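# What the coordinates show
The primary structure of each chain is shown beneath.
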Amino acid sequence: MRGEENPQPQMFSCVDLESRVPKHHPIRKVRRIVDTALSELAPVFDEMYADKGRRSIPPEQLLRALLLQIFFSIRSERLLVERIDYDLLFRWFVGLGMDDPVWNHSTFSKDRDRLMSSDVDELLFEAIKKQAYARQLMSRDHFSVDGTLIEACASLKSFRPKDDSGDDDGENFHGQKRKNETHQSSTDPDAKLYRKSLGKEAKLCFMGHVLTENRNGLIVAASVTEAGTKQEWLAGSDMLSTQPIRPGQTVGADKGCDVGAFVTSCRELGFTPHVASKARYSRLDGRTTRHEGYKISQKKRKRVEEPFGWMKTYGLLAKLRHRGKENVDWLFRLTATAYNITRMKGLMA
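All of the points below concern the structure found in this document. Just so it is clear, the model here is predicted, and its values are computed rather than measured.

Okay, the overall build of the protein next. If you tally the helices and strands in the protein, you get 13 helices and eight strands. Seen through its C-alpha atoms, the protein measures out along the principal axes to roughly 80 × 60 × 55 Å. Residue burial in the protein is summarised as follows: out of 349 residues, 46% are buried. Taking all contacts inside the protein whose residues are at least 6 apart in sequence as the whole, residues at least 24 apart take part in 64%. Surface summary for the protein: the accessible area is close to 19,400 Å², and the carbon and sulfur share equals 48%. Measuring between centres, the 57 positive side-chain charges of the protein sit 6 Å from its 48 negative side-chain charges.

This next bit is on the pairing of strand β7 (residues 250–253). Burial along β7 is two-sided: the residues Thr250 and Gly252 and Val251 and Ala253 are all buried. Pairing geometry for strand β1 (residues 142–151) and β7, over three bridges, is parallel. Counterpart to Phe143 in the pairing with β7 is Val251. Both β7 and strand β8 (residues 272–275) contribute to a ladder of four bridges, which runs parallel.

Turning our attention to the packing of aromatic side chains. Applying the stated criterion across every chain, the model contains five aromatic pairs. Both rings, one in Trp103 and one in Phe108, keep their centres 5.8 Å apart while their planes meet at 20 degrees; by these two values the pair is stacked. Taken together through their ring pairs, the aromatic side chains of Trp310, Tyr314 and Tyr339 make up a single cluster. The ring of Trp92 carries Arg31 above its face, with NZ or CZ at 5.1 Å from the centroid. Looking at Arg83, its charged tip hangs above the ring of Phe72, at a distance of 5.7 Å from the centre.

Time to look at unusual backbone geometry. Among all residues except glycine, the phi angle is most often negative; among peptide bonds, the trans geometry is most common. Positioned with a positive phi, Ser73 is a non-glycine residue whose angle comes to about 55 degrees. Looking at the element boundaries, Ser73 is found in the loop between α3 (59–71) and α4 (77–86). Of note in this structure, Tyr281 is not a glycine but carries a positive phi near 60 degrees. Its place among the elements puts Tyr281 in the loop between β8 and α10 (286–289). Owing to a relative accessible area of 68%, Tyr281 belongs among the exposed residues under this scheme.

This part is about the nonpolar core. In globular proteins that are soluble, nonpolar side chains generally tend to be buried together. With 90 residues, the main nonpolar core has Phe108, Phe262 and Phe332 as its most contacted residues. For this core, the element with the most residues is helix α13 (residues 325–348), which contributes ten residues. Not counting residues within four places of it along the chain, the set of residues in contact with Phe108 comprises Ile57, Leu62, Ala65, Leu66, Glu77, Leu80, Val81 and Trp103.

For the structure shown, the criterion picks out 16 salt bridges. As a salt-bridge pair, Lys203 and Glu151 come within 3.9 Å of each other at their nearest N and O atoms. Taken together, the residues Lys203 in strand β5 (residues 203–213) and Glu151 in strand β1 connect sequence positions 52 residues apart. According to the relative accessible area criterion, Glu151 is partly exposed, its value standing at 27%. One continuous salt-bridge network, built from bridges that share partners, spans Glu151, Glu201, Lys203 and Lys319.

Counting buried positions over the eleven residues of β5 gives ten, a clear majority of the element. Two strands pair when backbone bridges link them, and β1 and β5 are joined in this way by nine bridges, in the antiparallel orientation. If you follow Asp146 over to β5, its bridge partner there is Val210. Sheet analysis places strand β4 (residues 192–194) next to β5, joined by three bridges and oriented antiparallel. Within the sheet, the bridge partner assigned to Tyr194 lies in β5 and is Lys203. In terms of strand pairing, β5 meets strand β6 (residues 219–226) through seven bridges, oriented antiparallel. Of the residues in β6, the one forming a bridge with Gly208 is Val224.

In this section: the side chain of Arg31. One can find Arg31 in helix α1 (residues 26–40). Only 3.4 Å separates the side chain of Arg31 from the backbone oxygen of Phe93, close enough to count as a polar contact. Apart from residues no more than four positions distant in its own chain, Arg31 is found in contact with Arg64, Trp92 and Phe93.

So, about helix α7 (residues 120–134). Taking 1.5 Å per residue, 15 residues should reach 21 Å; α7 reaches 21 Å between its end C-alpha atoms and fits that length. Inspection of α7 places Val120, Asp121, Leu124, Phe125, Ala127, Ile128, Lys129, Gln131, Ala132 and Tyr133 among the buried residues, and these make up the whole buried set. Buried residues along α7 sit in contact with α1, α2 (42–48), α3, α6 (105–116), β6 and α13. One or two positions beyond α7, positive phi appears at Gln136, with a value near 55 degrees.

Criteria and cut-off values
Residues numbered from 1 in each chain as written. Predicted model: local features only at pLDDT ≥ 70, side-chain atom pairs only at ≥ 80, totals over all residues. Heavy atoms only, no water. Helix = DSSP H or I, 4+ residues; strand = E, 2+ residues; numbered from the N terminus. Buried < 20%, exposed > 50% of the residue type's maximum accessible area, 1.4 Å probe, protein only. Contact = heavy atoms within 4.5 Å. Areas by Shrake-Rupley, 256 points an atom, 1.4 Å probe, with all protein chains shown as cover. Lys, Arg positive; Asp, Glu negative; His and termini not counted. Charge placed at Lys NZ, Arg CZ, Asp CG, Glu CD. Pairing = 2+ DSSP bridges. Phe/Tyr/Trp six-rings, centres within 6.5 Å; stacked < 30°, edge-to-face > 60°. Lys NZ or Arg CZ within 6 Å of the ring centre and 35° of its normal. Core = buried A, V, L, I, M, F, W, Y, C linked by side-chain atoms within 4.5 Å. Salt bridge = Lys/Arg side-chain N within 4 Å of Asp/Glu carboxyl O. Polar contact = N/O pair within 3.5 Å; in protein donor to acceptor, adjacent residues only side chain to side chain. Expected span 1.5 Å × (residues − 1).

Below is the structure:
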């Protein structure tokens, strides 16, 4: 028997929003991890906002929405707010009711900018790490470090002379020498012109760095620097310096870190450098490379590439949407937090 379509919509519904989300949906595990971390940040949020004035978007809902944007690869705040309006799953995760009005996209972007001026990214990152350590999902002994280039939100046409000399109009620059010492992007002055290797094209970009532990590949530290040859091992040393010192700690890295500055810095910090040794002029010798632990570190080191692949494919970092080193660093750390949450969801299962 053919069913009949009722063109008259129902005025009221007795089904609540909680029942609309399946009990075994993976997003429920993500919500529990995020809510536990946000509950620890409640005192920080109380100090950030004034007691009087117009009410803004709750920071908890704002952070949940930003995480949803990363999880589902939504490229703009306008599309994100539109998705929250009609998607019941998004409404449930953010914390809005069935009849709650959704914010305007410009209001959302303005409150997001205010939140990006604080250190909430670091606090949320550490709160998620605290849960991972409590569940013994992260190692405190063996690490890997690496960096990647992130294309800036700026065009090569904006890379012009700092002193406005010459007839360089940003378009006809063939045959001209363009260097970071003499040129600067008018769109994003913090971005630097850099190329990954010989034969590759030069782009305006930043360099993102992560320090991962070797047990499950979770991110322990994340930072963004200017693009440069020395930045990879300098940032690696800075991230290692924030870790507690324990006997027998090791750190793996690629051949780019087989330099005296990084190897010496690791040893001074109490870490045994397990970097991939160069064929010539390597800073490591048989006293390090002959051990079985060195071979294991080289196998585990490849997992440090997995966060970069996820962050660029799903986390919207293939091409930046924000300008300025501080904003890029904030977004990069939030994306690293989202990666840890997705990994923890699978490991907790």
